[in-house]
Amino acid sequence: MTASTPAPDRRLVVVSAGLSKPSSTRLLADRLGEATVRELQGLGVSAEVETVELRDHAHAVVDAMLTGFPTGELAGVLERLTAADGIVVTTPLFTTTYSGLLKSFVDVLDKDSLTGTPVLLGATGGTSRHSLALEYSLRPLFTYLRADVATTSVFAATDDWAAAEADAGGGLPARIARAGRELAEKVALRKNTGPADPFAATPDFTALLGGL
């Protein structure tokens, strides 16, 4: 008899809004996810990771915006996202803001679905001059959704990747490690119990008839 594999303690969803394959946005998403899992293991917490490439669901996202009802694989992605114990989101920056694909994806989320969920933000761009867009553009978006956004966000410019290979102990690798540690600490302290039941306080029919 084969022993069953124990269920992971936490579930992470890594969302990449990159538009090409391969993309530096996906690479950053993978690195941030790996750093978080590493830090969770150091805390004695196992984790399962699902990576979502939004470009694979672009047509379904547009359909959901038009109809108001996500269907098929996108519906499953949204369900697993809202049930996640922690989320990593990475996006390329265009004209100093996040991608339209990411904005459209967020638009089909229920506005309360990420309340209290730990979220780590990352972005990629051609030059470090765009790095502040993470703070004045992307962070307010997830703050509006009432997510628990990690203090450290990670921006990776094109030059950062070359520097990362030469200096594994500092620069981009150090920022990724710090951000992963912050998300891991938040995830370890909070397990997603799912959305609150809006009818939890409503007495059932039997209780209503109990006094008769």
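Residue positions are counted from 1 within each chain, in the order its sequence is given. Restriction of local features to residues with pLDDT of at least 70 applies here, the model being predicted, together with a cutoff of 80 or more for giving and counting side-chain atom pairs; totals for whole chains, interfaces and linings are based on all residues. Values shown for side chains rest on all heavy atoms present in the structure; no hydrogens or waters enter the calculation.

In the nomenclature of an unreviewed UniProt entry, the chain corresponds to NADPH-dependent FMN reductase-like domain-containing protein from the organism Cellulosimicrobium cellulans F16.

*Asks:* Hey, could you run me through the overall build of the chain in this one?
*Replies:* A tally of helices and strands in the chain yields eight helices and seven strands. Relative to its full complement of 212 residues, the chain shows a buried share of 42%. When contacts within the chain are restricted to residue pairs at least 6 apart in sequence, long-range pairs at least 24 apart make up 81% of them. Carbon and sulfur atoms make up 56% of the accessible area of the chain, which totals about 11,500 Å². Think of it this way: any DSSP run of H or I at least four residues long counts as a helix, any run of E at least two long counts as a strand, and we number them from the N terminus. Under the scheme applied here, a residue whose accessible area is under 20% of the maximum for its type counts as buried, over 50% as exposed, and between as partly exposed, the area being computed with a 1.4 Å probe on protein chains only. When checking whether two residues touch, look at their non-hydrogen atoms; a contact exists if any pair is within 4.5 Å. Computed with a 1.4 Å probe, the accessible areas rest on the Shrake-Rupley method; for each residue, only the protein chains presented here act as cover.

*Asks:* How should the environment of Thr127 be read in this particular structure?
*Replies:* Here Thr127 shows up in the loop between β5 (118–125) and α5 (133–144). Residues contacting Thr127, with those up to four places away along its chain left out, are Phe155 and Ala157.

*Asks:* Help me understand the pattern of salt bridges in this model?
*Replies:* Any two side chains of opposite charge can pair, so long as their charged atoms come close to each other. Within this document, salt bridges are pairs made up of a side-chain nitrogen of Lys or Arg and a carboxyl oxygen of Asp or Glu, the two lying within 4 Å of each other. The full count for this structure, using the stated rule, is 12 salt bridges. In this structure, the salt-bridge partner of Lys21 is Asp56, at a minimum N-O distance of 3.4 Å. Of this pair, Lys21 sits in the loop between β1 (10–16) and α1 (24–42) while Asp56 sits in the loop between β2 (47–53) and α2 (58–67); the two residues are 35 residues apart in sequence, bridging distant segments of the chain. When its relative accessible area of 46% is taken as the criterion, Asp56 is described as partly exposed. With a shortest N-O distance of 2.2 Å, Asp112 and Arg146 are connected by a salt bridge. Taken together, the residues Asp112 in the loop between α4 (100–107) and β5 and Arg146 in the loop between α5 and β6 (148–149) connect sequence positions 34 residues apart. Since its relative accessible area comes to 36%, Asp112 is described here as partly exposed.

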